[in-house]
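Below, each chain spelled out in residue letters.
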Amino acid sequence: MKLGRNDPCHCGSGKKYKKCHEAADAAKEAAELAAIQAKAEEARAAEAAEAEANPEAAEAAAAAAKKAGSRNAGSAGHKPKERIATAANPIRRRAV
Ligand SMILES: [Zn+2]
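Given the structure is predicted, the values throughout are model-derived calculations rather than measurements.

**Student:** Please clarify how the overall build of the chain should be interpreted in this entry.
**Tutor:** Check the secondary structure of the chain and you find 3 helices and 0 strands. Ordered by position from N to C terminus, the α and β elements of the chain give α-α-α. The 96 residues of the chain split such that 12% are buried. Total accessible area on the chain stands at roughly 7,500 Å², and carbon and sulfur atoms take up 56% of it.

**Student:** Help me understand the side chain of Asp25 in this model?
**Tutor:** Structurally, the position occupied by Asp25 is in helix α1 (residues 22–53). Lacking a salt bridge, the buried Asp25 has Lys28 as its closest oppositely charged neighbour, with an N-O distance of 5.6 Å. Asp25 has contacts with His10 and Tyr17, leaving out every residue within four places of it along the chain.

**Student:** What am I meant to see in helix α2 (residues 55–68) here?
**Tutor:** When the terminal C-alpha atoms of α2 are compared, their 20 Å separation across 14 residues agrees well with the 20 Å that a helix rising 1.5 Å per residue should span. All of the buried residues in α2 are Ala58, Ala62 and Ala65. One side of α2 carries all its buried residues, which in axial view fall inside an arc of 60 degrees. The exposed residues of α2 that point more than 90 degrees off its buried face are Glu56 and Lys67. Phi for Gly69, located one or two positions after α2, is positive at around 75 degrees.

**Student:** I tried to follow the coordination of the zinc ion on my own but got confused; where do I start?
**Tutor:** For a metal with four tetrahedral donors the ideal donor-metal-donor angle is 109.5 degrees, whereas six octahedral donors ideally subtend 90 or 180 degrees. Within the protein, the atoms that donate to the zinc ion are Cys9 (SG), Cys11 (SG), Cys20 (SG) and His21 (ND1), at distances of 1.8 to 2.3 Å. Geometry at the zinc ion is tetrahedral, judged from the 4 donor atoms that bind it and their angles of 104 to 117 degrees at the metal. Positions of the donor residues of the zinc ion, expressed as sequence spacing, correspond to C-x1-C-x8-C-H. Classification of Cys9 by relative accessible area gives buried; the value is 6%.

**Student:** Would you explain the environment of Cys9 in this entry?
**Tutor:** Its place among the elements puts Cys9 in the segment before α1. Separated by 10 residues in the primary sequence, Cys9 and Lys19 place their C-alpha atoms 8.3 Å from one another. Every residue in contact with Cys9, bar those within four places of it in the chain, is listed here: Leu3, Lys15, Lys16, Tyr17, Cys20 and His21.

What counts and how
Residues numbered from 1 in each chain as written. Predicted model: local features only at pLDDT ≥ 70, side-chain atom pairs only at ≥ 80, totals over all residues. Heavy atoms only, no water. Helix = DSSP H or I, 4+ residues; strand = E, 2+ residues; numbered from the N terminus. Buried < 20%, exposed > 50% of the residue type's maximum accessible area, 1.4 Å probe, protein only. Areas by Shrake-Rupley, 256 points an atom, 1.4 Å probe, with all protein chains shown as cover. Lys, Arg positive; Asp, Glu negative; His and termini not counted. Salt bridge = Lys/Arg side-chain N within 4 Å of Asp/Glu carboxyl O. Contact = heavy atoms within 4.5 Å. Expected span 1.5 Å × (residues − 1). Arc of directions from axis to C-beta. Donors = N, O, S within 2.8 Å, 3.2 Å for Na, K, Ca; no water. Tetrahedral: all angles 85-135°; square planar, octahedral: opposite > 155°, others 65-115°.

Encoded structure:
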């Protein structure tokens, strides 16, 4: 549950939340979210880089992932190489 903006701040200052820690909390939340997204982006970029450096291994990894059913569950029948190249493009642009 979140504090209302007019409720007393959770820090015990006695001020209204909106006048006290609301901005700080929002910034903290945004930073945490950004950190999580950066981490995910990094993992995808590493995966894409690996796919580029070693397409055969990436194909094997994609096949293994498909077998495990952990992702891309609905895209059976596609050629893994094509799918990886398509997925890698937007990520590489950001990573470079
Ligand atoms: Zn506060």
